[in-house]
Amino acid sequence: MATILHNTMHILVAFTLPPLLLGIINRTKALFAGRVGPPLLQPYYDLIRLFQKGSVFSTTTTWVFRAGPVVGLVTVALAVLMIPLVGSNAPISFKGDLILLAYLLGLNRFFTASAALDTGSPFEGMGAAREVTYACLAEPAFFLGLLVLARLTGSLQLAEMLGDLLAPSHWRTAGASLFLVMLSWCIVLLVENCRIPFDDPNTHLELTMIHEVMVLDHSGPAFGMILYAASLKLFLFGALIVRIAIPFATGAMWFGWPVFLGGMFVVAVAIGVLESTMARVRLTHIPTLLVTACLLSGFGILTLVR
Amino acid sequence: MSERLVLIGIVIAAVSGFPGLFLSRHSTLGQWLSTALAVIGSAVGLSSVGVFWAAGDSQPIVRPWAIPGGEFHVAMDGLSALFLVPIFLVSLLGCVYGLGYWKQAEHPDNGRKLRLFYGLLPAGMALLVIARNSILFMVGWEVMALSAFFLVTTEDHDRAVRETGWIYLVATKVATVSLFALFGLLHAVNGSFKLEPLNEANLTPGITTAIFVFMLIGFGIKAGIMPFHVWLPSSHAIAPSHVSAIMSGVIIKMGIYGILRITSLVPHPPVAWGGIVLVLGTISGVLGVAFAVGQHDLKRLLAYHSIENIGIIVMGIGLALLGRSLGRDEWVILGMSGALLHVWNHALFKALLFLSAGSVIHAVHTREIDHLGGLAKRMPLTALCFVVGAVAICGLPPLNGFVSEFLIYLGLFGTLGVEGKSSFAEAAFAAPALALIGALAVACFVKVFGAVFLGTARSEHASHAHESPPSMIAAMSVLVACCFFIGLAPFAVAPVLEQAVSAWAPSLGESRQGLLTLAPLDSISVMALVLVAGLAVTSGLLWLRLRNSVVETGPTWGCGFTAPTARMQYTSSSFAEMLVGLFGWALRPRIHRVKVTALLPQPTDFHSHVPDPVLDELVLPTFRFSAWLFSWFRVFQQGRIQAYLLYIFVALVALLLWR
């Protein structure tokens, strides 16, 4: 019974909350810029509007262009069900699910980038090339972090690696490693979700974009699916970091959910602050930063293995 | 029973090309006859494996043989059965594919030669896989190696083909010499040429190391492990595509089989073996895919991916060897199951990719990726087959590649959990390397799929492409079905894998844990089905939504530019440019770039190319130097076969006197 309630809550939060994170980020940025900013619920209004609109498809495109948003949404939707939001359970959980999570995101990338190339547009090709290139460096950083968690908890199940097994004791004994992993995964979050300093979704120049330029040609419901999937992905990485960061057990529901939601709020505000106070780095410097992320996680595991 | 059946299959496959030799080069009867025979032979071979799996016991066939030390000794075990499946399956499908791809009417000069050796090749491989005597093994090995040489040089009127064939021949002969040394050492240890567990009493550290080195060189060259891969890229690229499919899918696996067979004979492999093999596998994997990213020849690119996948297989073997040295059964089971399943998977998806590439070449007559484009519209079935192969080779769910990589990942992560004397947590660092390999593979296949099948055609030929004939599509469809089957129901292959693992490591004993208790293959299966169902439902919803709303078509949004041309698309080279730059220290790309100086510059050009540095900068100079060093030896090189026979006679007499 408790599991059913927990899973219902998980699904409810994971599928309704994510657009709000975008709203919070935008509000934070508006605050810094001295503007009033859009309503907190604006991302929801945008999604509803997009789902009601008609679409335009380029004559160059094939079924791959339509498959992009579908695969993009389904893979991320499955992935968010594997992260333990509270306590030590997630709706989908089995030994080795961490590998499935990473490879679902790989499938997502394959079809998003292919859909971009399907348009034949040079700009979208450019975005696709950047996306897959940066992922090559983000992936090892993510896995090195997973090694740390697997070593600490002795488990290969995300629900246990990130859950309450991790929190209480390990922040005292292996705090340095966990901190390094957290830093490294923050960089991975920013690059995977195309936030400043890696990518500026609000820039007016297509030449400098990464993710946004890949989806230039999408419109209507398909574009709505892409935006929604992007917010789910932000939620996914945010939840990973929140669950590492919380240094105590969050077993009970009445206690766990507020703590988790508070954590997500902090992540969203932090992204907003970062985006308001930093300029984006030059494209050629992004690999350097990503290598730094790999090294941070790498040091994290080295201090444990010795 | 199964041994007899497989011998029958071998004989039928071996003779399949002969009837065609007696028919006119303009008759198509020969092609049909040889294809029918090859299909029957392969089917008999496959059924022998089925009989073995069903009965589970083997009845070795042992016959005396006149050759000194030789003995006709064949037997089935789990390992042999597992390798027989890709041998017969890929050659069967390759023959069917050849009906449309290499029609006798279109290739009257070399069609008969091709089919002769296309029959001999699986026969040789099947023989070496069931041989239990090293001389018989070498007979099968040489039949395979020489058939492959004649298959690579099918179009020997072309100078580039002859040169590539020459490199292949030199490489395979070096491997053979190394194997002679290896089997000589085994003879010294065991006192016979039987392939039996080594006698530990005679194993000194020196001999053990020598066995390891000759094994790695001999079988490593055939498997294409870096840095022994020099022959591989160009010969895979230049051979006809159904030959490339069997070369990449099956022949290089014979090197893996050799490594497995020899390591299974060593009672206690040293820890260093596993460590070195794991490192070699990681290097092959990462650099193989990095070189693939830099290629712009469709088949050469796929060939480098073979090196990558061999690397992944070798990583699994390294982990299993470590497990045997340190007594960790779960590493043995996970690593070896992953490696063996990847042997199958790679045979399936790489054959699929080479056959789809052949379909493209059949239609467009070029291998140059940057001259293709937009083929998904004109060749929808080929595009679908290719994308299935691409997703599978990237190790992405819900297809088969994911399952084998999943097993290897589980094993590698498992090394973290062990403390104390039998720990080897360093092995876990191979997991992020495997993640890097996966991400690079995604980058590479997005590049190929995008540049070849998506966008608009970059050349006149590509815009007039046509879909391939049914025989080619049928062969590819079978492989697509196999990729989906293993991806969706991986637990079905678990018994076969367990049987093969226990054939490799008999020390595991009966009380070992099953593969299914170590790896949640049932969960993988459920998740793959959920993923497929989710994709179907979401596609359906999107389709419904689009049907009930206004859908217009128009040109691609050019960001304000209104006259886009096909030449403005991102090419495969520009797509890979950043990654080639990141791996520039290893790839050493050759870039030709003219600096633009004047205010109104003249037309200029740019091209870049990633050659193979090991071949160009290490192997070729070494061979040139040794050719110079031994130039005096040419005195004996008469070019007359009588003279060579005389040399052999004199050498034998001298050896007899010396004894």
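Thresholds applied
Residues numbered from 1 in each chain as written. Chains lettered and ligands numbered in written order. Predicted model: local features only at pLDDT ≥ 70, side-chain atom pairs only at ≥ 80, totals over all residues. Heavy atoms only, no water. Helix = DSSP H or I, 4+ residues; strand = E, 2+ residues; numbered from the N terminus. Rg over C-alpha atoms; globule rule 2.2 N^0.38 Å. Contact = heavy atoms within 4.5 Å. Areas by Shrake-Rupley, 256 points an atom, 1.4 Å probe, with all protein chains shown as cover. Lys, Arg positive; Asp, Glu negative; His and termini not counted. Charge placed at Lys NZ, Arg CZ, Asp CG, Glu CD. 1 Å grid on protein atoms, 1.4 Å probe; cavity = no way out; pocket = protein on both sides within 12 Å on 5 of 7 lines; lining within 4 Å. Points joined across faces, edges and corners; volume = space filled by probe spheres on them. Nonpolar A, V, L, I, M, F, W, Y, C, P; charged D, E, K, R; others polar. Domains from an automatic or database assignment. Buried area = accessible area lost by both parts, 1.4 Å probe. Salt bridge = Lys/Arg side-chain N within 4 Å of Asp/Glu carboxyl O. Polar contact = N/O pair within 3.5 Å; in protein donor to acceptor, adjacent residues only side chain to side chain. pLDDT = per-residue confidence, 0-100. Pairing = 2+ DSSP bridges. Phe/Tyr/Trp six-rings, centres within 6.5 Å; stacked < 30°, edge-to-face > 60°. Buried < 20%, exposed > 50% of the residue type's maximum accessible area, 1.4 Å probe, protein only. Lys NZ or Arg CZ within 6 Å of the ring centre and 35° of its normal. Axes fitted to C-alpha atoms, helices over the stretch in contact; angles between N-to-C directions. Parallel < 35°, antiparallel > 145°, perpendicular 65-115°, else oblique.

Undergrad: Please give an account of the overall build of chain A that cites residues and values.
TA: The number of helices and strands found in chain A is 13 helices and one strand. Taken from the N to the C terminus, the helices and strands of chain A come in the order α-α-α-β-α-α-α-α-α-α-α-α-α-α. The C-alpha radius of gyration of chain A comes to 19 Å, within 12% of the 19 Å expected for a compact globule of 306 residues. Dimensions along the principal axes, computed over C-alpha positions, put chain A at roughly 55 × 45 × 45 Å. Across chain A, every contact between residues at least 6 apart in sequence was considered, and the portion connecting residues at least 24 apart equals 79%. With the model as given, the accessible surface of chain A reaches about 10500 Å², and the carbon-plus-sulfur share is 71%. Taking the 17 positively charged and 15 negatively charged side chains of chain A as two groups, their mean positions are separated by 6 Å.

Undergrad: I'd love a proper account of the layout of surface pockets, names of residues and values included.
TA: Remark: the empty space left among the atoms is shown by a probe the size of a water molecule rolled over them. Roughly 940 Å³ of internal volume is contained in the largest pocket. Lining the largest pocket are 42 residues, and of these Leu22(A), Arg195(A), Glu212(A), Leu227(A) and Ala230(A) sit closest to its centre. If you list the elements that add at least two residues to the lining of the largest pocket, you get helix H2 (18–33), helix H3 (42–52), helix H4 (63–80), helix H5 (97–118), helix H10 (211–214) and helix H11 (220–245) of chain A. Counting residues per element, the lining of the largest pocket draws most heavily on H11(A), at nine residues. Here the residues of the lining of the largest pocket sort into 21 nonpolar, 11 polar and 10 charged. Here the second largest pocket is characterised by a volume of approximately 560 Å³. Forming the boundary of the second largest pocket are 24 residues, of which Trp63(A), Ala67(A), Val71(A), Phe111(A) and Leu535(B) lie nearest the centre. Sorting the residues of the lining of the second largest pocket by element identifies H4 and H5 of chain A together with helix H15 (380–393), helix H19 (470–488) and helix H22 (521–547) of chain B as the ones contributing at least two each. Of the residues forming the lining of the second largest pocket, the biggest block, seven residues, is contributed by H22(B). Grouping the constituent residues of the lining of the second largest pocket by class yields 22 nonpolar, one polar and one charged.

Undergrad: Would you mind going over the domain arrangement of chain B in detail, with residue names and values included?
TA: All names here are of chain B. Here the domain parsing of chain B yields domain 1 (133–506 + 518–532), domain 2 (569–608) and domain 3 (613–658). One C-alpha centre belongs to domain 1, the other to domain 2, and the line joining them spans 31 Å. Across the domain 1/domain 2 interface, buried area totals approximately 1300 Å², and carbon plus sulfur atoms make up 68% of it. For the pair domain 1 and domain 2, the interface holds zero salt bridges. Applying the counting criterion to the domain 1 and domain 2 interface returns four residue pairs in polar contact (both at pLDDT 80 or more). Broken down by secondary-structure element, the contributors of at least two residues to the side of domain 1 that touches domain 2 are helix H11 (271–294) and helix H17 (430–453). Sorting elements by how many residues they give to the side of domain 1 that touches domain 2 places H11 first, with six residues. A breakdown of the residues in the side of domain 1 that touches domain 2 according to their chemical character gives 11 nonpolar, four polar and three charged.

Undergrad: I'd like a description of the confidence of the model for chain B, backed by residues and values.
TA: For chain B, per-residue confidence averages 90 on the pLDDT scale, and residues scoring 70 or more make up 99% of the total. Across chain B, element-level confidence peaks in H15(B) with a mean pLDDT of 95 and bottoms out in strand S5 (residues 606–609) of chain B with 82.

Undergrad: Help me get a handle on the interface of chain A and chain B, residues and values and all.
TA: Of the residues lining the interface, 75 residues belong to chain A; the matching set on chain B comes to 71 residues. Of the roughly 6200 Å² buried between chain A and chain B on both sides combined, carbon and sulfur atoms contribute 79%. Along the contact surface separating chain A from chain B lie zero salt bridges. For the side of chain A that touches chain B, the elements supplying multiple residues, two or more each, are H3, strand S1 (55–58), H4, H5, helix H6 (122–153), H11 and helix H13 (286–305) of chain A. Tallying contributions element by element places H6(A) first for the side of chain A that touches chain B, with 21 residues. Residues belonging to the side of chain A that touches chain B are distributed by class as follows: 48 nonpolar, 17 polar and 10 charged. Sheet topology note: the S1(A)/strand S3 (residues 551–554) of chain B ladder contains four bridges and is parallel. Paired with Phe57(A) across the bridge in S3(B) is Thr553(B).

Undergrad: Talk me through the packing of aromatic side chains; I want residue IDs and the actual numbers.
TA: The tally for this structure, following the rule as stated, stands at 38 aromatic pairs over all chains. Pairing Phe449(B) with Phe453(B) gives two aromatic rings, centres 5.8 Å apart and planes at 40°, and the pair type is tilted. Separated by four residues within a single helix, Phe449(B) and Phe453(B) lie in helix H17, roughly one turn from each other. The exposure class of Phe453(B) is buried, given its relative accessible area of 1%. By the ring-pair criterion, three or more aromatic residues cluster together here, those being Tyr103(A), Phe142(A), Phe143(A), Trp185(A), Phe237(A), Phe402(B), Phe406(B), Tyr409(B) and Phe413(B). Against the face of Phe57(A) rests Arg66(A), its NZ or CZ located 3.9 Å from the ring centre. Taking NZ or CZ as reference, Lys222(B) lies 5.6 Å from the ring centre of Trp231(B), over its face.

Undergrad: If you had to explain the packing of helix H16 (residues 400–414) of chain B against H17(B) to someone new, which residues and values would you point to?
TA: Residues and elements named next belong to chain B. Look at H16 against H17: their axes get within 9 Å of each other, and the N-to-C directions meet at 155°. When the axis of H16 is compared with that of H17, the two are roughly antiparallel. Residue-level contacts link Glu 405, Ile 408, Tyr 409, Leu 412 and Phe 413 of H16 to Ala 430, Ala 431, Leu 434 and Ala 435 of H17. Class assignment for the residues of the contact of H16 with H17 results in eight nonpolar, no polar and one charged.

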